[in-house]
Amino acid sequence: MKILVCITHVPDTTSKITFTNDNTELDKGGLQFVIGPYDDYALARAVEIKEQLGGTVTALNVGQQETEPTIRKALAIGADDAIRIDAEPTDAYFVAQQIAEVAKAENYDLIMMGRESSDYNGGQVHGMVGEMLGIPSLSPVMKLDIDKGVAKMAREIEGGKEYLEASLPLVLGCQEPIAEWKIPNMRGIMGARKKPLKVITPTNNDTLTTPESYELPAPRTDVKLIDADNTAELVSLLKNEAKVI
Amino acid sequence: MAKKYISIENLKFLLNEVFNIEEVLESPYYAETDNEAVNMILDAAVDISDRHLFPFYTEIDRADHTFEDGKVTIHPEIIKYIKAMGEAGFIGGSFSFEHGGQQLPQMVTAASGAIMSAANNGVVMFTGLTAGSAHLIASFGSKELKEKYTGKMLSGEWQGTMALTEPQAGSSLSDIVSSATPTDQGHYKLKGQKIFISSGDYEGTENVVHLMLARIDGAPLGTKGISLFVVPKLREDENGNLIDNDVTTAGVYHKMGQKSTPAVHYIAGDNDNCHGWLVGEPNKGLSYMFQMMNEARLGVGLMGAAIASAAYYASLEYANERPQGRKISEQSAKDKPQTFIINHADVKRMLLFQKSVVEGGLSLIFECSRYADLEMTTEDETAKKRYKGLLDLLTPVAKTFPAEYGIKSVSEGMQCLGGFGYTTDFPLEQHYRDIRITSIYEGTTGIQSLDLLARKIMGTGGKSLMLLAEEVKKVTDEASTYDDLKKYVTALQEKLQDLQKVTQQLGGMAMQGKMELALADATLYMEFFSLIVIGWQWLKQATVAKKAMVTGNPEGEKLKFYESKIHTMRYFFSYELPKTLGLMTRLMDKDDTLTVEVEKELIV
């Protein structure tokens, strides 16, 4: 089983986000970066499948040198080797092209990633990669077993769950509870820097989007206490101020 | 429940900027560890804490542990935590490769330990005790003992304990009576009772391995006749099966805090069938145990700072969210909304006090850990002696300050919450119950204070104090290069002179044979000494922050971090360090009729 796991390098969800350069860029100063939480699930399941069926897991990231500690963490968790495509991941189309280019040359049985990244939450890359490679892509995959070259999966659909099977190769966008996040063990951490990390140049620079500006969500407002008998005011506030009814 | 329990940014500041872990990692002994690995280890500690520790802090406390039909039952999440720690290789991270560890510097294990202790201090005791007792076997045990025990302990399958205290011998270990009778089969037959054995028995572990102090028949009286034994709850028979080893749990103590961790009373050899195996040489047990106790003392200091950290962040979060009253300057404006309590000066004082204790205490523990790392790795014998001297001197302080001031710190945290702090709706009351033990564990504050004054200072003829003065001078020299720090340099230098004056006075009494009088207020001397040592640590941190601000032009959150460091140093020098004056007045009083000579009949 030859598995490629694509990981994003994203700010920790507890980080305080600010923007610079006239609100057109994320201010990375002082931010703690981690493997995208959904990608982390995909990686955990990939490592489990490798342990069960044998094979290799390769971690791939599109990013500049600053992402290497995140890639090393994927190696510590259990990936055998890693590839960094040396470019800023400008948008989903650009990232998908880079992944597809690597995948064309390597014939992976499975290409796994999170259902979406936790920074831009686009959820488009897995679909684009499948299209570019001409193989099926499925998301959000919440359960995955491999049996004689067939992937048996479950995913969430409107009003319930769908169980399905598909032949390999596949591109999968994953989410919990496909596996539990793996905490890297000491041996894995110490061995991570000895595992191969290949840096390659991007295939091209096509991007389809350019951010105009970013803005933060509105800050939390103070609690308003309303007399229990005053339902009219409550309804008015919910309708006109909170705009939830 | 509060969201934050420790500042990872502060731990990284201490590791990288204040104590320069790169210098420690340059040693060939640590060749397998680099900065990236250190960061991953801290991340893994956070992962373990967020998954197995912090979410269950209150739940495990409320569940307590039970003792029924001779069986001790603990909360099931604790078993999952121990398993996760074993699988992650965290129990023996600082052990040598030869003994199944990863040769991590103590600075790194201190940082990861701080994270986990802040998340759930009592549960961390289980693995900490296993690591400490396995380290004793690895350091002094025979090849057979190492092969049989350390692997199972580091994997978390077997629990380790430290079995010293007996009903009649707590602080006075020279009075223990547990006995060991040699046999011709290589083992000894153990008999005796031990009390307060943390994690000493519970369902869910395959075996419990007690590192037990006892006297071999005919051994000399006092501490010179104490030996160390491995005494498992279950021993292997000739076929390798685990069988009962005549170690019976007689009961558990019901404690004020740390309810996750059973404190067991056990009886060994009631049926004359308890086998124990000697560790190292006969009659050297206490010196071996002191290796573990010194590590454990730093561990208890770390626990104190960590609990105080969790309490600090819980009270800080509350202070930022709780509107109450108006600022004194706005008292008349009743139509204005209430202000958040963090805007009241007295609440700010309580928060700054907590921050100064937590980050000052952690800094001292990292300093000690660094000395331990350098002592172990340096080839230069003079340097090795120097690091050992500093570590020996500062260990009782690093145990006591975070414990004693940590208790005050948590109390101030609770005070920030007013009446809510006293309820079980918030974690402060639990922090308060949990931290209280830290001034008792591993040698009470009284014992630590005698150790500092009698053994570490008078016992070295004051040489250790000179080593400390040299270390302080390194900091004051660098701090003097910044105009706005000069005032604090002068203050610290004056305090150091006061310390020398007081120490000379007490040393003089001892030379005149008035030892009882010289040591009567050792606990006050400890507080006096601690405040100056923590002042040194704060000036050190502030100087590093100042340098980073001048050379690195930090912005935003990073700039605020450094400014906060300098501000907290100013708080400590203005509010806490002056407390040495009152202590000095008492310590310089040459005539004591108040404690040494007072008749007990007057204390009624």
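Conventions and cut-offs
- Throughout this document, residue positions are counted from 1 along each chain, in the order its sequence is written.
- For this description, chains carry letters from A and ligands carry numbers from 1, given in the order in which they are written.
- Reporting of local features is limited, given that this is a predicted model, to residues whose pLDDT is at least 70; pairs of side-chain atoms are given and counted only at 80 or more, and all residues count toward the totals for whole chains, interfaces and linings.
- To get the side-chain values, all heavy atoms of the structure are used, and hydrogens and water are removed first.
- Only runs of H or I of at least four residues qualify as helices and only runs of E of at least two qualify as strands under DSSP, and these elements are numbered from the N terminus.
- Our radius of gyration is a C-alpha quantity, and the globule rule it is checked against amounts to 2.2 Å times the number of residues to the power 0.38.
- Whether a residue is buried, partly exposed or exposed follows from its accessible area with a 1.4 Å probe, protein chains only, as a fraction of its type maximum: under 20%, in between, or over 50%, in that order.
- To be clear on the numbers: accessible area is Shrake-Rupley with a 1.4 Å probe, and residue cover counts the displayed protein chains and nothing else.
- Only four residue types enter the tally: Lys and Arg on the positive side, Asp and Glu on the negative side, with His and both chain ends excluded.
- All charge positions are set by atom: Lys at NZ, Arg at CZ, Asp at CG, Glu at CD.
- Pairing between strands is defined by DSSP: at least two bridges between them are needed.
- Axis definition: a line fit to C-alpha positions, over the contact stretch in the case of helices; interaxial angles, taken between N-to-C directions, run 0 to 180 degrees.
- Here, residues are in contact when the closest pair of their heavy atoms is within 4.5 Å.
- The salt bridge criterion pairs a side-chain nitrogen of Lys or Arg with a carboxyl oxygen of Asp or Glu, the two atoms within 4 Å.
- Residues adjacent in sequence count toward polar contacts only when both atoms are side-chain atoms; beyond that, a polar contact is any pair of N or O atoms within 3.5 Å, and within protein one must be able to donate a hydrogen and the other to accept it.
- Gly falls in the polar group here, along with every residue not listed as nonpolar (Ala, Val, Leu, Ile, Met, Phe, Trp, Tyr, Cys, Pro) or charged (Asp, Glu, Lys, Arg).
- Side-chain rings of Phe, Tyr and Trp, where Trp is taken by its six-membered ring, are said to pair if the distance between their centres is within 6.5 Å; with planes under 30 degrees apart they count as stacked, over 60 as edge-to-face, and otherwise as tilted.
- By definition here, charges over rings are those cases where NZ of Lys or CZ of Arg is within 6 Å of the ring centre and within 35 degrees of the ring normal.
- Patches in this entry comprise residues that are over 30% relatively accessible and not in a salt bridge; like charges within 9 Å are linked, as are nonpolar side chains (Val, Leu, Ile, Met, Phe, Trp, Tyr) within 5 Å.
- By definition in this entry, angles of less than 35 degrees are roughly parallel, angles greater than 145 are roughly antiparallel, angles of 65 to 115 are roughly perpendicular, and the rest are oblique.
- Helix crossings get a hand from a simple test, with the near helix turned counterclockwise from the far one by less than a right angle marking a left-handed crossing and a clockwise turn marking a right-handed one.
- To estimate the expected span of a helix, count its residues, drop one, and scale the result by 1.5 Å.
- Boundary definitions for the domains trace back to an automatic or database domain assignment.
- The buried area of a pairing is the accessible area, by a 1.4 Å probe, that goes missing from both parts when the two are put together, added over both.

### Some words on the overall build of chain B
- In terms of helices and strands, chain B carries 18 helices and twelve strands.
- The C-alpha atoms of chain B give 25 Å as radius of gyration, which agrees with the globular expectation for 604 residues (25 Å, within 12%).
- When the backbone C-alpha atoms are referred to their principal axes, chain B occupies close to 80 × 60 × 60 Å.
- When each of the 604 residues of chain B is scored for burial, the buried share is 56%.
- For chain B, the exposed area adds up to about 25000 Å²; of that, 53% sits on carbon and sulfur atoms.
- Once the 61 positive and 79 negative side-chain charges of chain B are each reduced to a mean point, those two points are 5 Å apart.

### Topic: the environment of D477 of chain B
- Among the structural elements, D477 of chain B can be located in helix α13 (residues 463–479).
- When the C-alpha positions of D477 of chain B and V544 of chain B are compared, they lie 13 Å apart, and in sequence the two are 67 residues distant.

### So, the sheet that holds strand β12 (residues 170–174) of chain A
All names here are of chain A.
- Spatial strand order, β11-β10-β9-β12-β8-β1-β6-β7-β13: nine strands in an open sheet with mixed pairing. Across the chains shown, the open sheet's two edge strands, defined by having one partner strand only, are β11 (160–167) and β13 (197–200). Strand-to-strand twist in this sheet, taken as the mean axis angle between neighbours without regard to direction, amounts to 30°.
- Bridging between strand β9 (residues 137–147) and strand β10 (residues 150–157) involves six bridges; their strand directions are antiparallel. Looking across to β10, one finds that V141 is bridged to R155.
- Strands β1 (2–6), β6 (56–62), β8 (110–114), β9 and β12 of the sheet are contacted by helix α1 (residues 37–53), whose axis makes an angle of about 145° with β8.

### Observations concerning the side chain of T33 of chain B
- You can see T33 of chain B is positioned in the loop between α2 (21–25) and α3 (35–53).
- Once you skip the residues sitting within four places of it in the chain, T33 of chain B turns out to touch M190 and R193 of chain A together with L25, V38, Q102, Q103 and L104 of chain B.

### Section: the interface of chain B and chain A
- The partner chain A presents 20 residues to the 23 residues of chain B that form the contact.
- At the boundary of chain B and chain A, one finds six salt bridges.
- Remark: the boundary between chain B and chain A carries eight residue pairs in polar contact (both at pLDDT 80 or more).
- Put simply, the parts of the chain that give the side of chain B that touches chain A at least two residues each are α3 and α5 (76–88) of chain B.
- A per-element tally of the side of chain B that touches chain A places α3 of chain B first, with nine residues.
- Residues belonging to the side of chain B that touches chain A are distributed by class as follows: nine nonpolar, four polar and ten charged.

### A few points about the side chain of S15 of chain A
- With respect to the helices and strands, the residue S15 of chain A is situated in the loop between β2 (9–11) and β3 (19–20).
- The contact partners of S15 of chain A, leaving out residues within four places of it in the chain, are L31 and Q32 of chain A.

### So, the packing of aromatic side chains
- Applying the stated rule across the entire model yields 23 aromatic pairs over all chains.
- Ring geometry for F13 of chain B against F561 of chain B: centres 5.2 Å apart, planes inclined by 75°, an arrangement best described as edge-to-face. Note that F13 of chain B is positioned in helix α1 (residues 8–18) and F561 of chain B in helix α17 (residues 556–576), a separation of 548 residues in sequence. Like F561 of chain B, F13 of chain B is buried.
- Centroid distance Y29 of chain B to Y30 of chain B: 5.1 Å. Interplanar angle 80°. Geometry classified as edge-to-face.
- On the basis of relative accessible area, Y29 of chain B is assigned to the partly exposed category, the value being 28%.
- Members of the aromatic cluster, each reached through a chain of ring pairs, are F19, Y120 and Y214 of chain A.
- Taking the ring centre of Y108 of chain A as reference, the NZ or CZ of K2 of chain A above it sits at 5.3 Å.
- Above the face of the Y405 of chain B ring, K408 of chain B is positioned so that its terminal group lies 5.0 Å from the ring centre.

### Regarding a nonpolar patch on the surface
- On the surface, L234, V235, L238, V244 and I245 of chain A cluster together into a nonpolar patch covering about 430 Å² of accessible area.
- Note on placement: V244 of chain A falls in the segment after α6 (231–241).

### Section: the environment of A74 of chain A
Residues and elements named next belong to chain A.
- For A74, the position within the fold is in helix α2 (residues 68–77).
- Spatially, the C-alpha atoms of A74 and L43 are 7.5 Å apart, while their sequence positions differ by 31 residues.
- Once residues within four sequence positions are removed from consideration, A74 is found in contact with I7, I35, L43, A59 and A79.

### Here's the deal with the packing of helix α14 (residues 486–511) of chain B against helix α16 (residues 522–552) of chain B
Residues and elements named next belong to chain B.
- Between α14 and α16, the shortest axis-to-axis distance is 10 Å and the interhelical angle comes to 155°. With respect to their mutual orientation, α14 and α16 come out roughly antiparallel. The two elements α14 and α16 cross, and the hand of that crossing is left-handed. Facing α14, whose interface residues are Y488, V489, L492, K495, L496, D498, L499, V502, T503 and L506, α16 presents Y525, F528, F529, I532, G535, W536 and L539.

### Section: the pattern of salt bridges
Residues and elements named next belong to chain B.
- All chains considered together, the criterion is met by 60 salt bridges over all chains.
- K546 is the salt-bridge partner of D484, the closest N and O atoms lying 2.8 Å from each other. Pair noted here: D484 is in the loop between α13 and α14 and K546 is in helix α16, with a separation of 62 residues, a long-range link.
- Residue classification places D484 among the partly exposed residues on the basis of a relative accessible area of 45%.
- Across the pair E576 and K579 runs a salt bridge whose closest N-O atoms are separated by 2.6 Å.
- The exposure class assigned to E576 is buried, which follows from its relative accessible area of 2%.
- Judged by relative accessible area, K579 falls into the partly exposed class, the value being 39%.

### Topic: α14 of chain B
- With 26 residues, α14 of chain B should reach 38 Å at 1.5 Å per residue; the first-to-last C-alpha distance of 37 Å fits that figure.
- In the stretch just after α14 of chain B, G513 of chain B is the one whose phi turns positive, near 85°.

### Section: unusual backbone geometry
- Each neighbour pair has its own omega, and for L168 of chain A with P169 of chain A the value is 0°, a cis peptide bond.
- Relative to the elements of secondary structure, P169 of chain A occurs in the loop between β11 and β12.
- Backbone torsion omega between E176 of chain A and P177 of chain A reads 5°, so that peptide bond is classified as cis.
- Following the sequence through the fold, P177 of chain A ends up in the loop between β12 and α5 (186–192).
- Phi at D246 of chain B is positive, roughly 55°, even though this residue is not glycine.
- Secondary-structure assignment places D246 of chain B in the loop between β9 (242–244) and β10 (247–253).
- The exposure class of D246 of chain B is buried, given its relative accessible area of 3%.

### So, the domain arrangement of chain B
Residues and elements named next belong to chain B.
- Under the domain assignment, chain B is made up of domain 1 (8–153), domain 2 (159–283) and domain 3 (445–591).
- Here the C-alpha centroids of domain 1 and domain 2 sit 24 Å apart.
- Facing the 30 residues of domain 1 at the interface are 32 residues of domain 2.
- Both sides together, the interface formed by domain 1 and domain 2 hides about 2600 Å², and carbon and sulfur atoms give 65% of it.
- The largest contributions to the domain 1 side of the interface with domain 2 come from H65, V72 and Y149, which together make up 22% of the buried area.
- Linking domain 1 with domain 2 are three salt bridges, by the criterion used here.
- Here K152 ties to E206 by a salt bridge, and the two come within 4.0 Å at their closest N and O atoms.
- For the pair domain 1 and domain 2, the interface holds eight residue pairs in polar contact (both at pLDDT 80 or more).

### Describing the environment of M153 of chain B
Residue and element names in this part refer to chain B.
- Along the chain, M153 falls in helix α7 (residues 143–154).
- Look at M153 and you get buried, because its relative accessible area is 0%.
- Measuring from C-alpha to C-alpha, the distance between M153 and G86 comes to 8.4 Å, with 67 residues separating the pair along the chain.
- When near neighbours in sequence (up to four residues on either side) are disregarded, M153 contacts I91, T130, S133, A134, I137, W158, G160 and V209.

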